Structures are given as C-alpha cells and as structure tokens.
Amino acid sequence: LARKPGSNSGVKSKVRPPRLGGEKVGLFATRTPHRPNAIGLSLVKLDRVHEGVLHLSGLDLIHGTPVLDVKPYIPAADSVPTDHVRQAEWLSDPVVKPNSDCICLPEARSQLEYFVRDLEFYDSYEEAWGAIREVLLNDVRSLHMRETAADATLHFDNVLLSFRCRQDALVEVTAAELCKVPKPGGGE
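What you see is a predicted model; the values in this text were computed from it and never measured.

## Considering the sheet that holds strand E6 (residues 151-156)
Move 1: The sheet built from four strands is open, its strands ordered E5-E8-E7-E6 with mixed pairing. In the strand order of this sheet, the two ends are held by strand E5 (101-104) and E6, each with one partner. Ignoring strand direction, the axes of neighbouring strands in this sheet form an average angle of 30°.
Move 2: Set on the sheet, helix H2 (residues 125-137) makes contact with E5, E6, strand E7 (159-165) and strand E8 (170-178); between it and E5 the angle comes to about 140°.

This is the structure we're talking about:
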C-alpha cells in the first residue's frame, strides 16, 4: 500500500487477526481499524440476497453512500441480542479459543471498586467488571502477544488494568490504577 509523501507510517497490507491463530490475511478481509482510508463501520441486517444483490436494512448511512464490504456477525465483537441474529457456521468454532475464566484478585478488586467513581462509562463495580471480564475472556491480542506476554495491561475507561494469562487459560486481573486521559482541547 502506498504511503503519503513525507510520512514514516504506513499500513501493512497483511495482518494477523487474533481469531486466526497467527495466519496472515489481507487487511480488507478483517475488521482491523488500521486501514489506509477513513471509512465508517456499521452493523446492518442482511435481509436477503437476490440475483447477486444484497438487500440490507438498519443502515446508518446517508442515501447513496456506497457499501464497500460486508463482514459476518461475531457475537463477541458485535453488540446485538443474539436471538435476532444468525451467525455464519464457519465462525462457530474459532481457531484461537477464548480464555476459560477471568478473576479479579482481591487487591485489584479493592482498587477497581475505589476507582468506580472516576469511571466515565460505568456506574458500579459489577457493571464495569462484567465488561472487563468479557473483554479479557475474548482476548483480542495477536497470537504473538498472547504467546510472548503473559503479563499485560488494558486501558479500560479511566483505569489501567494489569492482568496475567495463566497456562490453564485463566486470566487474573492483578492491579488497577487510575489513568485519566486528557480530553480533546486540553480540558480536564
């Protein structure tokens, strides 16, 4: 892929999605946000296919906006009640299995409970922990990072979480610390 003149950063044309166990595929065949163009992503309903034409509904597009690509629904990544959605059969058994369970060690739980008042998007420990647990169970790090970095961190809302992935696929959250992210425009 071409780079902008004078730019040191480029976008790799092949990426390794976490669900494929390290296999390289073209970036346009994936959901990676690292793309050479600024395009929007929308969750839509495929109503039917007729003579090679996809009939979609639920689009949040202005009339006439082209649909460039279609990806399958993945329950772990998309947020729609699954009783309204049919998942592609070939996605049912991922190459890389999700972690078996996720626990918050007592000290980390105390820290997270204390920081709940500073969270921007969650009002209780239970609500925040449910979201954190779901993210860590579906570990989206690359296979390389999964294999080489048992200890890792996750920025979640205004908190930096330290976690460890054990050999038995159990994830332990070991610490939480406040890390306020500056708001755009320099405001607090």
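Still to come is the rest of the account.
## A word on the pattern of salt bridges
Move 1: Summed over all chains, the structure comprises nine salt bridges.
Move 2: Notably, a salt bridge pairs Lys45 with Asp47, separated by 3.8 Å at the nearest N-O pair.
Move 3: Across the pair Arg164 and Asp151 runs a salt bridge whose closest N-O atoms are separated by 3.7 Å. A residue pair is termed long-range when its members are at least 10 positions apart, and Arg164 in strand E7 and Asp151 in strand E6 qualify at 13 residues.

## With respect to the confidence of the model for the protein
Move 1: Taken residue by residue, the protein gives an average pLDDT of 79. The fraction at 70 or more is 82%.
Move 2: Low pLDDT, under 50, characterises residues 1-8; the stretch is placed with eight contacts to residues that sit more than four places away or in other chains.

## Examining unusual backbone geometry
Move 1: Even without being a glycine, Glu51 presents a positive backbone phi close to 50°.
Move 2: Following the sequence through the fold, Glu51 ends up in the loop between strand E3 (45-50) and strand E4 (53-57).
Move 3: Judged by its relative accessible area of 73%, Glu51 is exposed.
Move 4: The phi dihedral of Ala169 falls on the positive side, at around 70°, and the residue is not glycine.
Move 5: Turning to its location among the elements, Ala169 is positioned in the loop between E7 and E8.

## Quick notes on a positive patch on the surface
Move 1: Taken together, the side chains of Lys12, Lys14, Arg16 and Lys24 define a basic patch exposed on the protein surface.
Move 2: By secondary structure assignment, the location of Lys12 is in the segment before strand E1 (14-15).
Move 3: The exposure class of Lys12 is exposed, given its relative accessible area of 65%.

## Details of the packing of aromatic side chains
Move 1: Tallied over the entire structure, the rule returns three aromatic pairs.
Move 2: Here the aromatic rings of Tyr114 and Phe115 are separated by 5.6 Å at their centres, their planes lie at 70°, and the arrangement is edge-to-face.
Move 3: Judged by centre distance (6.4 Å) and plane angle (5°), the rings of Tyr125 and Trp129 are stacked. Of this pair, Tyr125 and Trp129 both sit in helix H2, four residues apart, which is roughly one turn of that helix. Residues Tyr125 and Trp129 agree in their burial class; the two are buried.

## Regarding the packing of helix H1 (residues 106-115) against H2
Axes are the key here: two packed helices are described by the angle between their axes and the distance separating the axes.
Move 1: Running from N to C, H1 and H2 cross one another at 120°; their axes reach a closest spacing of 9 Å. As the angle between them shows, H1 and H2 are arranged oblique. Here H1 runs over H2; the crossing is right-handed. Where H1 abuts H2, its residues Arg109, Leu112 and Glu113 lie against Tyr125, Glu126, Trp129 and Ile132.

## Considerations on a nonpolar patch on the surface
Move 1: A contiguous nonpolar patch, built from Leu46, Val49, Leu54, Leu59, Leu61, Val67 and Val70 and spanning about 560 Å² of accessible area, is present on the exposed surface.
Move 2: By the secondary structure assignment, Leu61 is in the loop between E4 and E5.
Move 3: Of the residues examined, Leu61 reaches a relative accessible area of 36% and is grouped as partly exposed.

## Some thoughts on the environment of Leu43
Move 1: With respect to the element layout, Leu43 can be found in the loop between strand E2 (25-26) and E3.
Move 2: What makes Leu43 partly exposed here is its relative accessible area of 40%.
Move 3: In this structure, the C-alpha to C-alpha distance between Leu43 and Ser57, residues 14 residues apart in sequence, is 9.6 Å.

Criteria and cut-off values
- Residues numbered from 1 in each chain as written.
- Predicted model: local features only at pLDDT ≥ 70, side-chain atom pairs only at ≥ 80, totals over all residues.
- Heavy atoms only, no water.
- Pairing = 2+ DSSP bridges.
- Helix = DSSP H or I, 4+ residues; strand = E, 2+ residues; numbered from the N terminus.
- Axes fitted to C-alpha atoms, helices over the stretch in contact; angles between N-to-C directions.
- Contact = heavy atoms within 4.5 Å.
- Salt bridge = Lys/Arg side-chain N within 4 Å of Asp/Glu carboxyl O.
- pLDDT = per-residue confidence, 0-100.
- Buried < 20%, exposed > 50% of the residue type's maximum accessible area, 1.4 Å probe, protein only.
- Patch = residues over 30% accessible without salt bridge, like charges linked within 9 Å, V, L, I, M, F, W, Y side chains within 5 Å.
- Areas by Shrake-Rupley, 256 points an atom, 1.4 Å probe, with all protein chains shown as cover.
- Lys, Arg positive; Asp, Glu negative; His and termini not counted.
- Charge placed at Lys NZ, Arg CZ, Asp CG, Glu CD.
- Phe/Tyr/Trp six-rings, centres within 6.5 Å; stacked < 30°, edge-to-face > 60°.
- Parallel < 35°, antiparallel > 145°, perpendicular 65-115°, else oblique.
- Left-handed = near helix turned anticlockwise from the far one by under 90°.

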